[in-house]
Amino acid sequence: MLSRTADHLYWMARYIERAENLARMLEVNYRMSLLPQGPEIVQQSWTATLAIIGLLDAFKQRYDAMTPANAIAFLVFDRDNPMSIHSCVRAARENARAVRGTLTSEIWETLNGTWLEMRLASTRATSDAEVGNFFEWVKHRSHLARGVIQGTMLRDEAWHFTWLGTYLERSDSTARILDVKYHLLLPRGEKAGGATDYYQWSALLHSISAFEIYRRVYRDLITPRRVAELFVLRDDMPRSLRRCMSQTYTHLCALRNAHSAETERRAGELQASLHYGRIEDIFDMGLHEYLMQFLGRTRDLGERVSRDFLVSATD
Amino acid sequence: MGHTPYDEMHAADGRVREHYRAFASWLAKTPVEHVAQKRAEADTLFHRVGITFAVYGEEAGTERLIPFDIVPRIIPAQEWRHLADGLKQRVRALNAFIADIYHDQEILRAGRIPSEQVLCNGQYRPEMQGIDVPGSIYAHIAGIDVVRAGAGEFYVLEDNLRVPSGVSYMLEDRRMMMRLFPELFARHSIAPVEHYPDLLLENLRSVAPSGANDPTVVLLTPGAYNSAYFEHAFLAQQMGIELVEGQDLFVEGEFVYMRTTRGPQRVDVIYRRIDDDFLDPLVFRPDSMLGVPGLLASYRAGRVTIANAIGTGVADDKSIYPYVPEMIRFYLGEAPLLANVPTYVLRRKEDLSYTLANLHELVVKEVHGAGGYGMLIGPTATRGEIEAFRDRILRAPEKYIAQPTLALSACPTFVESGVAPRHIDLRPFVLSGRDVTLVPGGLTRVALHEGSLVVNSSQGGGTKDTWVLEA
C-alpha cells in the first residue's frame, strides 16, 4: 500500500487511542479529586498528570491556577492544545479523511460522527455530571471505532498498520499512567490501607479497566506490587505492556519488508523481556527507572516504524 | 425559444405528465410531516457520511453540504434513448477532433474551423503534437451539460472534457433516495446507475499502455482540501484503486511508480483529477506541488496513460463549442442528434455588434470561465452591471461568447414555501475506451433561488436524483 496511506492509518489509530487514554487518565483524576482530601493533594495529582504527558509548561503559560476545572478545560476542549481530546479527535478524523477511500465507510462515518458530536460538546457548558458522561462518551466512541475496525476491515496491510499504531500508543499510555500514579500513591499506600488509599488504588485499576480483572486474577487485597505486575507483565491483560508488545511484534512481523529486520528484532527483544521478566527484578531496578527505559524503547520503535514503512520507501 | 419554461412534471394544461403520474400520486398521499422528516434525515445522513464540498474563499477547511432535493427528475425511456445516442455521437466526434488537431489537422486544412481558433488557443498543448495515445481516446470521461428549453427540446450547453466532476453526487443521490423512499423504487422501474464505478474502472483499464497485462490504475487527487476531494476518495474506494497525491508518485527510467510500504510499484493508468497546468512541474507550472516531475516524458514515451489526456481543454473551450456540430458532420458524416445553443462568437465583428446591441437579452460568458463565475445574465442584470460588462467585452471581445437566455426547464422542488418549480440542467457522464458507454441518467442540478438559472453548487445550486424509466 502507499506509504502515505499507511502513515495516515497509523496516526489515525494512535489518535483514537490517545483520546481514549487521555479520557481514562482524566476520569480517574477527576474521580479522585471528588474524594475528601486536601486541595494540595488534588493539585499535586493534576500537576503529575500534566507532567507525564509533557504539558505542564504549556499549561502554566495559559492558566494561572492549577484547578480541576482549568486542567480539564486545557486537556479536553482547548483547541490550541494539540494534545487535548478535542485535538486528538480532530486529528483522528483528519487522518481518516485523508485516506477515506481505504477505510470502510462504517469506519469513516464513525470517526466523522465522533468529530461532529465533539464539536457540539465543546460548545456546551460542562457541569460535573456532564464531564463524567463526557469521559464515558469518549471511551465509548473509541470502543466503537475499534469495534468497527475489527468488524469491517479487510485483513490486509492497512489492518496491520492500524493495530500497530493502536498498540504502540497504548503501551506508551499504560506505562505513563502507571508511572505517575504509582509514585503519587506509594508513600501513602505503604503506611496503611485506609479508605482513601483503597479508592485511589481502585481508581488506578479502573483507569485501564482492570479493577474487575484484578479481582478475578488475584482474589485478594489490592497491593502495589500486584498492580504493577498486572500493568506490566500479564499477557492476558489487554492493556498491559506485555500484551501491547506481543501485539506490536505480531503486526510488525506481518508487515515485514526489506528494511524492517532490525525494527522487528528490537520489538522481539522487548517482547521477550516482558515475556520472561519477573516483577521482583523490575522492583530491584526501580519501577520508575524501568518504565522510563521502556518508554525510551517504544519511542525508538515508533521512530523506526516511520523510517522503515511510512516515509518515502523509494529504494 | 419561448419564455414560459417547460415544466418537467406538468403539461401546459396543468395535467401531470404520464411519466410523473406514479410519483405525483405518491406525493399527494404521503403526509407532509413524513416528507419533512425524511428531508431532515437526508441532511443528517449526508453530514455523517461527509458528502461535502470545500468552498474556496471561505475559512480553510470549510465543508458544506450540497442541498439535496427529494423530488426526482424523471426521464422517460424514449427521451433517454435519443439523448444517449446524441451524447455518444457528440463525444465520438470530440475525441476524433482532439486526435486530429494533435496529428494531421485535417479539419483545419479543410477550413471547417479557423486554424488560429485552435492553434492559438491557450488550451492547445503543443507538447501533445504527434503523440499517439491508446485507442486514440483523449476524453475518457466527459460530462456533457444538457438543458431543456422551449417546448422541451434538449440542447447541449457545455462539453466538460478536462476533469468533469459530480458523478459521486449522482451515485449518492440515488443511494439516498433508495434509503429514504424504498417504496418509490418498488412502484417504478428505474434504470440502475450503481455500476458506474465498474464501468469506469473497466474503461480505464482498457486504455492502459500496450504491454501492461494486469494494469494498475490510480486516481491522482490534489489532496484533502480540494473542493471535490470527497468525490476523488469515493471513486477510488468504489473502484478499489489507490488514491494518490503527486508526492506518492515518481518517475524513473520513463516509468511511473508509487511509493508503497513494500517499495516502488509500477503505475499504468492515472485517472487524474488535477488540471494540465499542475501535472508536471518540469513542463507546465514549475511551482506546482501537486504534480509529478517527469510525468510528461513518461507519458510521451507511452509508458503511462493519463485520463483524461493532456490537452483536451481545447475541445471544451467555449470558443470551440460552436463548431461541435461541424465536427460531427466532418468526422462521422452524420447529422447532429442534439442541438447546440445558438452562440455568438464575439471575435466575429457581426456577432459582437449584435451582442452589444442586445446585452439585456443575452447571457455572456467568458470563454475560459467555469463554475458560473464571470458571466452576465442580461435579463436579470441591472443597468450598471450591463454597462460594466460592456466595457469588459470591448477591452477583449475574443474572450467572450454570447447566447440567448434559455428558458431552462423547471422541475418541482421543495423550497421553504412548499413545492415550487425550479430550473434544472443535467450532466450525464460519457465514458470512452474500447466502447462509448454511459449509465442511464446523470447529475441533475437545480437552481434553488426562485427564477435563478445558475445551478452551480458554488452559487447556491442543489442536486436531485435522476430517474431514467426503463419502459
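Residues numbered from 1 in each chain as written. Chains lettered and ligands numbered in written order. Predicted model: local features only at pLDDT ≥ 70, side-chain atom pairs only at ≥ 80, totals over all residues.

### Re the overall build of chain B
Counting secondary structure elements, chain B contains 14 helices and 23 strands. In terms of overall size, chain B behaves like a compact globule, its C-alpha atoms giving a radius of gyration of 22 Å where 471 residues would be expected to give roughly 23 Å. Taken over the C-alpha atoms alone, chain B extends approximately 65 × 60 × 45 Å along its principal axes. Taking all 471 residues of chain B together, the buried fraction comes to 45%. Put simply, of all contacts in chain B between residues at least 6 apart along the chain, 69% involve residues at least 24 apart. (Helix = DSSP H or I, 4+ residues; strand = E, 2+ residues; numbered from the N terminus. Rg over C-alpha atoms; globule rule 2.2 N^0.38 Å. Buried ≥ 20, exposed ≤ 12 C-beta atoms within 10 Å, placed from the backbone. Contact = placed C-beta atoms within 7 Å.)

### Brief notes about the overall build of chain A
Scanning chain A from terminus to terminus reveals 15 helices and zero strands. Taking 315 residues into account, the globule formula puts the C-alpha radius of gyration at 20 Å, and chain A, at 20 Å, falls close to it. Out of the 315 residues in chain A, the part that is buried amounts to 46%.

### Looking at the interface of chain B and chain A
Taken together, the 21 residues of chain B in the interface contact 22 residues of chain A. Looking at the side of chain B that touches chain A, the elements with two or more residues in it are α2 (32–49), α9 (229–239), β7 (242–244), β9 (255–260) and β10 (263–267) of chain B. The class makeup of the residues in the side of chain B that touches chain A is nine nonpolar, six polar and six charged. (Nonpolar A, V, L, I, M, F, W, Y, C, P; charged D, E, K, R; others polar.)

### Here's the deal with the pairing of strand β19 (residues 418–427) of chain B
All names here are of chain B. Taken together, the six bridges between strand β18 (residues 410–415) and β19 define a ladder with antiparallel strand orientation. By the bridge assignment, A410 is partnered in β19 with H423. In this antiparallel pair of consecutive strands, β18 and β19, the connection spans two residues. Bridge count for β19 against strand β22 (residues 443–447) is four bridges, and the pairing is antiparallel. (Pairing = 2+ DSSP bridges.)

### Thoughts on unusual backbone geometry
Of note, the amide linkage connecting A307 of chain B to N308 of chain B takes the cis form, showing an omega dihedral of -10°. One can find N308 of chain B in the loop between β12 (305–307) and α11 (313–316). Positioned with a positive phi, S209 of chain A is a non-glycine residue whose angle comes to about 55°. Structurally, S209 of chain A is set in the loop between α9 (195–207) and α10 (211–218). Given 13 C-beta atoms within a 10 Å radius, S209 of chain A is considered partly exposed.

### Notes on the environment of L220 of chain B
Residues and elements named next belong to chain B. By the secondary structure assignment, L220 is in strand β6 (residues 217–220). Its 28 C-beta neighbours within 10 Å are what place L220 among the buried residues. Separated by twelve residues in sequence, L220 and H232 have C-alpha atoms that sit 8.1 Å apart. Beyond its immediate sequence surroundings of up to four residues, L220 is in contact with V244, I270, Y271, R272, R273 and I274.

### Quick word on the pairing of β9 of chain B
All names here are of chain B. For β9, a buried count of five out of six residues is recorded, marking the element as mostly surrounded by other parts of the structure. Relative to β9, strand β8 (residues 249–252) is paired through four bridges, and the arrangement is antiparallel. Bridge pairing in β9 links F250 to Y257. Where β8 folds back on β9, the antiparallel hairpin that results is connected by two residues, among which G253 adopts a positive phi of roughly 55°. Joining the antiparallel neighbours β9 and β10 is a turn of two residues.

### A short note on the sheet that holds β6 of chain B
Residue and element names in this part refer to chain B. An order of β7-β6-β11-β12 is seen for the four strands of this open sheet, with the pairing classed as parallel. Two strands in the sheet have a free side with no partner beyond their single neighbour: β7 and β12. On average, adjacent strands in this sheet sit at an angle of 30° to one another, irrespective of strand direction. Relative to strand β11 (residues 269–272), β6 runs parallel, the two sharing four bridges. When the sheet's bridge partners are listed, V218 is paired in β11 with I270. Strand contacts of α9: β6 and β7, with the helix running at about 150° to β7, the strand carrying the most contacts. (Axes fitted to C-alpha atoms, helices over the stretch in contact; angles between N-to-C directions.)

### Quick notes on the nonpolar core
All names here are of chain A. Core analysis: the biggest nonpolar cluster contains 197 residues, and A19 and A92 have the highest contact counts within it. Broken down by element, this core gets its largest block of residues, 16 residues, from helix α1 (residues 3–33). Beyond its immediate chain neighbours, meaning those up to four positions away, A19 contacts I85, C88, V89, A92, V138 and S142. (Core = buried A, V, L, I, M, F, W, Y, C linked by C-beta atoms within 7 Å.)

### So, the domain arrangement of chain B
All names here are of chain B. Domain boundaries in chain B define domain 1 (18–209 + 304–341 + 406–468) and domain 2 (344–404). Placing the centre of domain 1 and that of domain 2 at their C-alpha centroids yields a distance of 25 Å. Counting residues at the interface gives twelve residues for domain 1, matched by ten residues for domain 2. For the side of domain 1 that touches domain 2, a count of residues per class yields five nonpolar, five polar and two charged. (Domains from an automatic or database assignment.)

### Some thoughts on the domain arrangement of chain A
Residue and element names in this part refer to chain A. Per the domain assignment, the segments of chain A are domain 1 (1–153) and domain 2 (155–315). Summarising the inter-unit geometry, the C-alpha centres of domain 1 and domain 2 are found 20 Å apart. Tallying the contact residues gives 29 residues for domain 1 and 30 residues for domain 2. Looking at the side of domain 1 that touches domain 2, the elements that each hand over two or more residues are α1 and α2 (39–52). Broken down by element, the residue count for the side of domain 1 that touches domain 2 peaks at 17 residues, all from α1. Looking at the side of domain 1 that touches domain 2 residue by residue, the classes come out as 15 nonpolar, seven polar and seven charged.

### Some remarks on the packing of helix α3 (residues 77–101) of chain B against helix α12 (residues 324–332) of chain B
Residue and element names in this part refer to chain B. Taken N-terminus to C-terminus, the directions of α3 and α12 make an angle of 80°; their axes are 9 Å apart at the nearest point. As the angle between them shows, α3 and α12 are arranged roughly perpendicular. Contact residues: Q89, R90, R92, A93, L94, A96 and F97 in α3; V324, M327, I328, Y331 and L332 in α12. Along the lines of polarity and charge, the residues of the contact of α3 with α12 split into nine nonpolar, one polar and two charged. (Parallel < 35°, antiparallel > 145°, perpendicular 65-115°, else oblique.)

### Notes on helix α14 (residues 383–395) of chain B
In this model α14 of chain B runs 19 Å from its N-terminal to its C-terminal C-alpha over 13 residues, within 8% of the 18 Å that 1.5 Å per residue would give. A small share of α14 of chain B lies buried, amounting to zero of its 13 residues. (Expected span 1.5 Å × (residues − 1).)

### Considerations on the confidence of the model for chain B
Residue and element names in this part refer to chain B. Overall, the prediction assigns chain B a mean pLDDT of 90, with 95% of residues at 70 or greater. In the predicted structure, residues 57–61 sits below a pLDDT of 50 and forms one contact with residues beyond four places in sequence or in another chain. As scored by the predictor, the complex reaches a pTM of 0.83 and an ipTM of 0.73. (pLDDT = per-residue confidence, 0-100.)

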